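Each chain, written out:
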Amino acid sequence: KMVYTIDIDLQIAAEDGLAENVALIGDARAGALTALDPKTGEVLVLASYPSYDLNIYNESYNELVNDPANPLYNRVLNGVYTPGSTFKVGMVAAGISNGTLRSSTTLRCDGIYTYYGDYQPKCWYYPQTHGNVNAMYALQVSCNCYFYELGRIMGIDKMNEYCRAYGLGEHTGIELPEKTGILAGPDYRESAGLLGWTPGNTIAAAIGQSDNSFTPLQIANYIATVTNGGTRYAVHLLKEVRAYGESGECLYTSGVEVLDRVELTDDAIYGARQGMRQMAKYDSAVQAYMG
């Protein structure tokens, strides 16, 4: 028999919480939630909403396949979405590790990014400004202007060097079919036969926009890679294979597989972790956005 890595209590809590939050949002119809052990790549939670009852799968199959909410579609593995501000954590880690800045370095937010004359995107906080912002505060308040400037200075090639090491746009290693999404950049534009890459695309990509689109599982593993210090593990669901019967002898144990290693400095890891901690503790960006 196969033993999986899923923590059943966490899975139940995740499915219940996901359903409650989708209902709370009102105009939402679907969602996904996943959690990994950042030290091993083990999947602890894999929740996609809406779901279905496996006990009556055969009887309800026709109803399920014709449901416009598509409950048979696993959004954690195959839903591809713009990462938005989740992308900023990796930008902080890359920018500090690359030597572009330190965690304490401040960049200016004036509400509008005016470096380019023909493309001047706004911070989400506009018409207000965040002022001088360091890495941790930039993550706490999700300041777009900070990341526009960081992306401009780093450039798309260096950004994507780190993103590939994080596993964005790459297979996670899970034992199930999954999509790989899109890592925005000149390479993707050329392969897709799209218009060429511009500096404006780079600063948009720096806040998780442009062509960037990834699965929730990829995003979870990329965050795990940053927070564990730079090791990207293969995501896996299988823990053990045991013999049937009283002995329950372990026939196979799934090992921990390292897919990549990105060199992140101590200051980079501190800046990324502290920024996420401050966001979770103070929730300032959400409070400001919600008024």
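Use the structure listed above.
Remember, it's a predicted structure, so these values are computed and weren't measured experimentally. (Residues numbered from 1 in each chain as written. Predicted model: local features only at pLDDT ≥ 70, side-chain atom pairs only at ≥ 80, totals over all residues. Heavy atoms only, no water.)

The next subject is helix H7 (residues 156-166). Since the α-helix advances by 3.6 residues per turn, residues separated by three or four positions end up pointing in the same direction. Among all positions of H7, only Ile156, Met159, Asn160, Tyr162, Cys163, Ala165 and Tyr166 are buried. Gly167 sits one or two positions beyond H7 and adopts a positive phi of about 95°. (Buried < 20%, exposed > 50% of the residue type's maximum accessible area, 1.4 Å probe, protein only. Helix = DSSP H or I, 4+ residues; strand = E, 2+ residues; numbered from the N terminus.)

Turning our eyes to something else, we now look at the nonpolar core. Counting 50 residues, the largest nonpolar core has Tyr146, Phe147 and Tyr166 as its most contacted members. Every element with two or more residues in this core is listed here: helix H4 (87-97), strand S4 (107-109), helix H5 (135-141), helix H6 (144-154), H7, helix H9 (199-205), helix H10 (216-227) and helix H11 (266-282). Ranked by residues supplied to this core, first place goes to H4 with seven residues. Setting aside anything within four residues of it in sequence, one finds Phe147 in contact with Lys88, Met91, Val92, Ala138, Leu139, Ala206 and Ile207. Leu36, Val76, Leu77 and Ile174 belong to the second-largest nonpolar core, a separate cluster that totals ten residues. (Core = buried A, V, L, I, M, F, W, Y, C linked by side-chain atoms within 4.5 Å. Contact = heavy atoms within 4.5 Å.)

This part is about the pattern of salt bridges. Working definition: two side chains of opposite charge can pair if their charged atoms are close together. Applying the stated criterion to the full structure yields nine salt bridges. The closest approach of N and O atoms between Asp267 and Arg102, which form a salt bridge, is 3.8 Å. One end of the pair, Asp267, is in helix H11; the other, Arg102, is in the loop between H4 and S4, with 165 residues separating them in the sequence. A relative accessible area of 53% means that Arg102 is categorised as exposed. For Asp260, the salt bridge identified is with Arg232, shortest N-O distance 4.0 Å. Here the residue Asp260 occupies a position in strand S9 (residues 258-261), and Arg232 occupies one in strand S6 (residues 231-233), the gap between them amounting to 28 residues. Its relative accessible area of 27% is what places Asp260 among the partly exposed residues. By relative accessible area, which is 7% here, Arg232 ends up buried. (Salt bridge = Lys/Arg side-chain N within 4 Å of Asp/Glu carboxyl O.)

A word on a nonpolar patch on the surface. A cluster of nonpolar side chains, contributed by Tyr52, Leu54, Tyr61, Val65 and Leu72, occupies part of the molecular surface with about 450 Å² of accessible area. Tracing the chain through its elements places Leu72 in the loop between helix H2 (61-65) and helix H3 (75-78). (Patch = residues over 30% accessible without salt bridge, like charges linked within 9 Å, V, L, I, M, F, W, Y side chains within 5 Å. Areas by Shrake-Rupley, 256 points an atom, 1.4 Å probe, with all protein chains shown as cover.)

What follows covers the packing of H4 against H6. Running from amino to carboxyl end, H4 crosses H6 at an angle of 45°, the nearest separation of the two axes being 11 Å. What the angle tells us is that H4 and H6 run oblique. Crossing of H4 over H6 shows left-handed handedness. Of H6, the residues touching H4 (which contributes Lys88, Met91, Val92, Ala94 and Gly95) are Asn144, Phe147, Leu150, Gly151 and Met154. Here the residues of the contact of H4 with H6 sort into six nonpolar, three polar and one charged. (Axes fitted to C-alpha atoms, helices over the stretch in contact; angles between N-to-C directions. Parallel < 35°, antiparallel > 145°, perpendicular 65-115°, else oblique. Left-handed = near helix turned anticlockwise from the far one by under 90°. Nonpolar A, V, L, I, M, F, W, Y, C, P; charged D, E, K, R; others polar.)

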